[in-house]
Amino acid sequence: MFFPRRYLDKSNFKPIGLLRESAEPVSVAGKVQSVNVTGYKNKKRLEVIIQDKSGSMKVAYFKGWKYFINRFKKGEWVALYGTAKRYGRYMSMAHPEVDQISGPDDVDQFKTLTPIYPSNKHFSKAYITNQLVADWVQQILNSTTVPEFLPDAILDRYSFPKRDPAFRAIHKPENQQQANKALERFKYEEFFLFELSMAKIKNIRITRAEGKVLEPGELTKKFFNEQLPFELTDGQKNSLKDIRIDLQSGKQMNRLIQGDVGAGKTVVAIGSMLMAVDNGFQAALMAPTEILAEQHYHTIKEYLEPLGINHRLITGGQSAALRRDILSDIAGGTCQIAVGTHAIFQDKVEFNRLGLAVIDEQHRFGVKQRNELLLKGDNPHLLVMSATPIPRSLAMTIYSDLDISIIEGLPGGRKPIKTAVRTDKERPGVYDFLEGSINKGDQAYIVYPLIEESEAMDLKDATMGFEKLKQRFPKFRIGLLHGRLKAEEKDGIMKRFSAGEIDILVSTTVIEVGVDVPNASIMIIEHAERFGLSQLHQLRGRIGRGRKQSYCILMPGQKLSKDGRYRLKMMIDTTDGFKIAEADLKLRGPGDFLGTKQSGLPEFRFGDILEDRITLEQAKNDAWQIVRTDDELSKPEHTSLKKVFEPYFKKKAEFFGIG
């Protein structure tokens, strides 16, 4: 399984007399005319002259020449592979690869691809050369027959080589096409095993929750018909329809609701939780930050208090007495909806009858924390929400065990946000625009990447910016919000901003998720090039939540990298979160995009979920079809697959909390 990282193509043989300078390596064959060591002490080098019918050339080795001197014997033939350059009257090669051959008619055996294996400092310390690795691999392959486990139907469908010849084609291919086809098979293989395990996990969850049917009742109907002050979008209606079908099916729901910032996911979550309450169950909503948890709590309070719903907020910073009261309420069942941070799944929290768990911004928690919340009930239904659009390639892996609904479109009356880039020289004009807008009754965010000035990075910081803004706008009410403030301080500042008592809120990215102030119509982002694309999009989503025209002004630093320019251009060109997420994923890769190693993102050895998306999709479709028709892999054609899959699945099942 230690595959070459690339191949040297030695098939391009040229007569020595026709050699020309080029950056492309070539192969030559010739008879050794002379072997000499020249120079003194550390300047010693090996010089060899070789010749064929068309001409002669010089070969030089500067480092390791003592090793190479034994590879050249006067009068014998050698094949060389390297880059040709002219020095004086000779064409020359420095440090070419060398093989002994019997004569000019023997070159055909060297017209192959030479595997180049990954190496590191430990290899060089142990004198493990590329050739030594290749020899070891060949020894193993010569004494081993690798059994096949993919079903014949799959091998035939994609014209994949069987596993044994695929290994041989990877390590000693006849041509690049053969190596590519073998590698494609191994990419498919690891995608297939992963998707097969995801399909199996989903199947287990579905069958475990059999019998728990949740029907929309009086509270749900009253909420949508009487309490909701606006018309649902088609995207919200379609998502609620998917959820209702899941909850009525008698199978455990495992659904991801995706929607761009401001698409109205919270209303969908409230409607779903009411279906649980209507049937005598409790519901829990978990958010990644206290600010977001409090935002959800206050939204639920506004909508559901008139319906007499008992809902409680549980976070990490509460007093012991308050915590005891809340825990008692949840355990006794009088609390119908619990909202909280990760504190909601701690050991001391016991639910009376948890029927639905809702997780907002799932990728900020991870699979293990999702499972811990589910263990608080008897296989409760699961609804996961994400305001960070997940590109399809990621959804097919990290969320492969979930069904997906997408809320398309924004609530009526909202105008697209206008985005612009302005330099520091244009700052006076930006501030004049800001001043005029606030005088008309608007509010604004000004976002900084740091709390305090950093000596290591030349970034504007929130505290210094706050002081300068107070001097520039002495008549305006300016607030400062960052992650180091205590929960009650942050809550107080946000309440004042929401109530219109603060004109300009200077903040770090603590406002990235969840803060909803419809009157805030301007956002200025300092050092915008330092933020990720999805983060910029999330920040921009804090404005444009009312009926006013909103403006996002990106203010980069002095030096812009190529990636920085690309990110700013994307923000100007589109407000589509899915397009932005795809671009961000390509820039940063899956791990950085998700922002957590606990996310459950699988690590594939050969496949790339972006570059090999078609292969991933094929593997997923095939795996899920097999689980639908032969969940236990009991058919004769799946006997070999079952032997390989069972130990693989055991590890995946443990990670996903499936016993």
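Reading guide: rules and limits
- Residues numbered from 1 in each chain as written.
- Predicted model: local features only at pLDDT ≥ 70, side-chain atom pairs only at ≥ 80, totals over all residues.
- Heavy atoms only, no water.
- Phe/Tyr/Trp six-rings, centres within 6.5 Å; stacked < 30°, edge-to-face > 60°.
- Buried < 20%, exposed > 50% of the residue type's maximum accessible area, 1.4 Å probe, protein only.
- Helix = DSSP H or I, 4+ residues; strand = E, 2+ residues; numbered from the N terminus.
- Lys NZ or Arg CZ within 6 Å of the ring centre and 35° of its normal.
- Lys, Arg positive; Asp, Glu negative; His and termini not counted.
- Salt bridge = Lys/Arg side-chain N within 4 Å of Asp/Glu carboxyl O.
- Contact = heavy atoms within 4.5 Å.
- Pairing = 2+ DSSP bridges.
- Axes fitted to C-alpha atoms, helices over the stretch in contact; angles between N-to-C directions.
- Core = buried A, V, L, I, M, F, W, Y, C linked by side-chain atoms within 4.5 Å.
- Parallel < 35°, antiparallel > 145°, perpendicular 65-115°, else oblique.
- Nonpolar A, V, L, I, M, F, W, Y, C, P; charged D, E, K, R; others polar.
- Expected span 1.5 Å × (residues − 1).
- Arc of directions from axis to C-beta.

Caption draft 1: Region of interest: the packing of aromatic side chains. Enumeration over the complete set of coordinates arrives at 23 aromatic pairs. For the pair Tyr158 and Phe160, a centre-to-centre distance of 5.4 Å together with 35 degrees between the ring planes defines the contact as tilted. Grouping residues by exposure puts Tyr158 and Phe160 together as buried. Ring centres 5.4 Å apart and planes at 70 degrees place the aromatic pair Tyr431 and Phe473 in the edge-to-face group. Residue Tyr431 is located in helix α14 (residues 427-439), and its partner Phe473 is located in the loop between α15 (462-472) and β19 (478-481); the two are separated by 42 residues in the primary sequence. These aromatic residues form a ring-pair network of at least three members: Phe3, Phe167, Phe186 and Phe606. Lying over the aromatic face of Phe186, Arg185 brings its terminal NZ or CZ to 5.7 Å of the ring centre. It is Arg353 that lies over the ring of Phe281; its NZ or CZ is 3.8 Å from the centre.

Caption draft 2: Spotlight on the side chain of Glu294. Topologically, Glu294 is positioned in helix α10 (residues 290-304). Despite its burial, Glu294 remains without a salt bridge, the nearest opposite charge being carried by Lys495 at 7.2 Å. Among all residues touching Glu294, those that are not within four sequence positions of it are Leu313 and Asp491.

Caption draft 3: Layout of the pairing of strand β7 (residues 90-94). The element β7 is extensively covered by neighbouring structure, given that four of its five residues are classed as buried. In terms of strand pairing, strand β4 (residues 55-61) meets β7 through four bridges, oriented parallel. Along β7, the bridge assignment pairs Lys58 with Ser92. Pairing analysis gives four bridges linking strand β6 (residues 84-87) to β7, with the strands arranged antiparallel. Within the sheet, the bridge partner assigned to Tyr87 lies in β7 and is Tyr90. Count of turn residues in the β6/β7 antiparallel hairpin: two residues, of which Gly88 carries a positive phi of about 65 degrees.

Caption draft 4: Molecular detail of the sheet that holds strand β22 (residues 551-555). Taken in spatial order, the six strands of this open sheet run β17-β22-β21-β18-β20-β19, and their pairing is parallel. Every other strand in the sheet has two partners, leaving β17 (418-421) and β19 as the edge strands with one partner each. Between one strand axis and the next, the sheet turns through 15 degrees on average, direction left out of account. Alignment of β17 against β22, held across four bridges, turns out to be parallel.

Caption draft 5: Region of interest: the sheet that holds strand β16 (residues 403-407). If you trace the seven strands from one edge of the open sheet to the other, you get β12-β13-β11-β14-β15-β10-β16, paired in parallel fashion. Looking along the sheet, the strands with just one partner apiece sit at the ends: β12 (311-314) and β16. Averaged over all pairs of adjacent strands, the angle between their axes in this sheet comes to 20 degrees, without regard to strand direction. In this structure, strand β11 (residues 282-286) lies alongside strand β14 (residues 354-360), joined through five bridges in parallel fashion. If you follow Leu285 over to β14, its bridge partner there is Val358. Running over the sheet, helix α8 (residues 234-248) touches β10 (254-259), β15 (381-386) and β16 and is turned about 155 degrees from β16.

Caption draft 6: The arrangement of the nonpolar core in detail. The biggest cluster of nonpolar side chains holds 60 residues, and the ones touching the most others in it are Tyr188, Phe192, Leu196, Ile344, Phe351 and Leu641. Of the residues forming this core, the biggest block, 10 residues, is contributed by helix α6 (residues 176-208). Within the second largest apolar cluster, 39 residues are counted, among which are Ala269, Met273, Phe281 and Val339.

Caption draft 7: Seen up close, the pattern of salt bridges. Counting across every chain of the model gives 30 salt bridges. Among the salt bridges present, the one from Asp99 reaches Lys10, with a minimum N-O distance of 3.4 Å. Linking Asp99 in strand β8 (residues 97-101) with Lys10 in the loop between β1 (6-9) and β2 (26-38), this pair joins segments that are 89 residues apart in sequence. Look at Asp99 and you get partly exposed, because its relative accessible area is 22%. A salt bridge links Arg255 to Asp246, with the nearest nitrogen and oxygen atoms 2.6 Å apart. An identical accessibility class is assigned to Arg255 and Asp246; each is buried.

Caption draft 8: Looking closely at the environment of Phe194. With respect to the element layout, Phe194 can be found in helix α6. For Phe194, a relative accessible area of 1% gives the class buried. Taking the C-alpha atoms as reference, Phe194 lies 9.3 Å from Phe604; in sequence the two are 410 residues apart. Beyond its immediate chain neighbours, meaning those up to four positions away, Phe194 contacts Met396, Thr397, Ser400, Pro602, Phe604, Tyr648 and Lys652.

Caption draft 9: Seen up close, the packing of helix α7 (residues 218-227) against helix α9 (residues 265-278). Where α7 meets α9, the closest approach of the two axes is 7 Å, and the angle between their N-to-C directions is 155 degrees. Between α7 and α9, the angle is such that the two are roughly antiparallel. The residues of α9 that touch α7, namely those facing Glu218, Leu219, Thr220, Phe223 and Phe224, are Val267, Ile270, Gly271, Leu274, Met275, Val277 and Asp278. Taken together, the residues that form the contact of α7 with α9 break down as eight nonpolar, two polar and two charged.

Caption draft 10: Examining helix α18 (residues 562-573) more closely. Taking 1.5 Å as the rise per residue, α18 with 12 residues should run 16 Å; its terminal C-alpha atoms sit 16 Å apart, in good agreement. The complete set of buried residues in α18 reads Gly564, Arg567, Leu568, Met570 and Met571. For α18, the buried positions fall inside an angular range of 155 degrees around the axis, keeping them on one side. Facing away from the buried side of α18 by over 90 degrees, the exposed positions are Lys562 and Lys569.

Caption draft 11: Inspection of unusual backbone geometry at higher detail. Positive phi outside glycine occurs at Lys41, with the angle close to 50 degrees. We classify Lys41 as exposed; its relative accessible area is 76%. Backbone geometry at Leu633 places phi at a positive 55 degrees, although glycine is not the residue there. Mapped onto the secondary structure, Leu633 falls in the loop between α20 (613-629) and α21 (639-655). On the accessibility criterion, Leu633 (5% relative accessible area) is buried.

Caption draft 12: Summary view of the side chain of Thr220. Inspection of the secondary structure assignment puts Thr220 in helix α7. For Thr220, a relative accessible area of 4% puts it in the buried group. What Thr220 contacts, discounting residues up to four positions off in sequence, is Gly271, Leu274, Met275 and Asp278.

Such coordinate-based values are descriptive only and should not be taken to indicate function.
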